[in-house]
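Here's the letter readout for the chains.
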Amino acid sequence: GAVVSQHPSRVICKSGTSVKIECRSLDFQATTMFWYRQFPKQSLMLMATSNEGSKATYEQGVEKDKFLINHASLTLSTLTVTSAHPEDSSFYICSARDWAEIYNEQFFGPGTRLTVL
Amino acid sequence: SQQGEEDPQALSIQEGENATMNCSYKTSINNLQWYRQNSGRGLVHLILIRSNEREKHSGRLRVTLDTSKKSSSLLITASRAADTASYFCATDANRYTGANSKLTFGKGITLSVRP
C-alpha cells in the first residue's frame, strides 16, 4: 500500500527558532500533499494544500509567512514553522494523494509532535 | 470549517459487540471517507463511499451513505480491543474538484472496546 513518512516524529525547540518537517511519499508520486494540524482530542484542521512545482494554497486564517511550505518534488514536501512560539505546539500531520487517484483518497504520515518551549 | 459531525462523541462497548458511529455533513459531496487514528498516530484510511453508492463493506466494516439526509454510518461488527481508536469521517465536497479537491474532517468519535 501507499506509504507516507514524516520526519522528525517528535521535536522540541526553543521559542523563536524555526523547525522544518519533512513529508515523503515512499512508493508513489504525489502531485498533491496536504498539511494538517491537530490539537489534543480534536479533529484535523487543514492548513494548506501543496502542489508540486507551484505555490501552496493556504486555508483561511493560516499565516503563509509563518508556515512555509515547499513541494519541490513529487515525493517530498516540507513545512517550516518559522519563529515558533508555544502556541504553535501541536501535532502536524501530512498526507499525500497519488496523481492517479481520482477519488481523493489521501495517505497519511504518522505525524510530527512539535513542542515549543 | 468542519463539515462532518460525528455522533456519539465517545462510545464504550464490550469486545464482541457491534459499534455504530454516525456522521452528518452539510454540503453536497463527491465522496465520504472514514479514517481511524490510534492515539498519537497518523490516520489510517478505512473505507471510501462515493455519492452514488448507498452501502459498502470491507471486512468487519460496513458503511452506509444517505445523501438525502446528508449522513453516513460506520458499523464495526464483532469489535475487538484493537479497534479502540478515534474514528473520523471526512467529506470531499463537490464544489472542490480535481487538483483543488480536499477533505474536511469531522470532530471524531472515541471508541473504547473493553476486553
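What counts, and at which threshold
- Residues numbered from 1 in each chain as written.
- Chains lettered and ligands numbered in written order.
- Predicted model: local features only at pLDDT ≥ 70, side-chain atom pairs only at ≥ 80, totals over all residues.
- Heavy atoms only, no water.
- Helix = DSSP H or I, 4+ residues; strand = E, 2+ residues; numbered from the N terminus.
- Buried < 20%, exposed > 50% of the residue type's maximum accessible area, 1.4 Å probe, protein only.
- Areas by Shrake-Rupley, 256 points an atom, 1.4 Å probe, with all protein chains shown as cover.
- Lys, Arg positive; Asp, Glu negative; His and termini not counted.
- Charge placed at Lys NZ, Arg CZ, Asp CG, Glu CD.
- Core = buried A, V, L, I, M, F, W, Y, C linked by side-chain atoms within 4.5 Å.
- Contact = heavy atoms within 4.5 Å.
- Salt bridge = Lys/Arg side-chain N within 4 Å of Asp/Glu carboxyl O.
- Polar contact = N/O pair within 3.5 Å; in protein donor to acceptor, adjacent residues only side chain to side chain.
- Pairing = 2+ DSSP bridges.
- Axes fitted to C-alpha atoms, helices over the stretch in contact; angles between N-to-C directions.

Peer 1: Even after reading the chapter, I still don't get the overall build of chain B, so can you show me in this structure?
Peer 2: From N to C terminus, chain B includes zero helices and eleven strands. Sequence-ordered secondary structure for chain B, helices as α and strands as β, is β-β-β-β-β-β-β-β-β-β-β. For the C-alpha atoms alone, the extent of chain B along its principal axes is close to 45 × 30 × 20 Å. Counting over 115 residues, chain B shows a buried share of 46%. In the form shown here, chain B has an accessible surface area of approximately 5,400 Å², with 43% of it arising from carbon and sulfur atoms. Side chains of chain B carry 15 positive and 10 negative charges; the gap between the two charge centres is 4 Å.

Peer 1: Can you walk me through the nonpolar core in this structure?
Peer 2: What tends to happen in soluble globular proteins is that the nonpolar side chains get buried as a cluster. In terms of nonpolar packing, the biggest core is built from 25 residues, with Val4, Trp35, Phe67, Ile69, Leu79, Tyr92 and Leu114 of chain A touching the most fellow members. Broken down by secondary-structure element, the contributors of at least two residues to this core are strand S2 (10-13), strand S3 (19-25), strand S4 (30-38), strand S5 (44-51), strand S7 (67-73), strand S8 (76-81), strand S9 (90-98) and strand S11 (112-116) of chain A. Of all hydrophobic cores here, the second largest spans 23 residues; its members include Trp34, Ile47, Leu74 and Cys89 of chain B.

Peer 1: I'm lost on the interface of chain B and chain A in this one. Help?
Peer 2: When the parts of a complex come together, some accessible area is lost, and that lost area is often taken as the interface size. Facing 22 residues of chain B, the contacting portion of chain A comprises 21 residues. Applying the counting criterion to the chain B and chain A interface returns one salt bridge. We note a salt bridge from lysine 102 of chain B to glutamate 59 of chain A, for which the minimum N-O separation is 2.8 Å. Remark: the boundary between chain B and chain A carries five residue pairs in polar contact (both at pLDDT 80 or more).

Peer 1: Could you clarify how one ought to interpret the sheet that holds strand S6 (residues 55-58) of chain B in this entry?
Peer 2: Neighbouring strands of a sheet are bound in pairs by backbone hydrogen bonds; such pairs are parallel or else antiparallel. Residue and element names in this part refer to chain B. Taken together, five strands build an open sheet; the order of strands is S1-S3-S8-S7-S6 and the sheet is antiparallel. The open sheet has two edge strands with one neighbour each: strand S1 (5-7) and S6. Each strand of the sheet is rotated relative to its neighbour by a mean of 15 degrees, with strand direction disregarded. One ladder, built from six bridges, connects strand S3 (residues 19-24) with strand S8 (residues 71-76); its direction is antiparallel. What sits directly across from methionine 21, in S8, is leucine 74.

Peer 1: Just checking my understanding: could you explain the environment of histidine 45 of chain B for this structure?
Peer 2: When you line up the elements, histidine 45 of chain B lands in strand S5 (residues 43-50). On the accessibility criterion, histidine 45 of chain B (22% relative accessible area) is partly exposed. The sequence separation of histidine 45 of chain B and alanine 19 of chain B amounts to 26 residues, and the corresponding C-alpha distance is 18 Å. If near-sequence neighbours (up to four positions away) are discounted, histidine 45 of chain B is found in contact with Glu105 of chain A together with Gln33, Trp34 and Tyr35 of chain B. Within the structure, the side chain of histidine 45 of chain B is placed 3.2 Å from the side chain of glutamine 33 of chain B, a separation counted as a polar contact.

Peer 1: Hey, could you run me through the side chain of asparagine 31 of chain B in this one?
Peer 2: Residue and element names in this part refer to chain B. Tracing the chain through its elements places asparagine 31 in strand S4 (residues 29-37). Classification of asparagine 31 as buried rests on a relative accessible area of 2%. A distance of 3.0 Å separates polar atoms of two side chains, one belonging to asparagine 31 and the other to glutamine 33.

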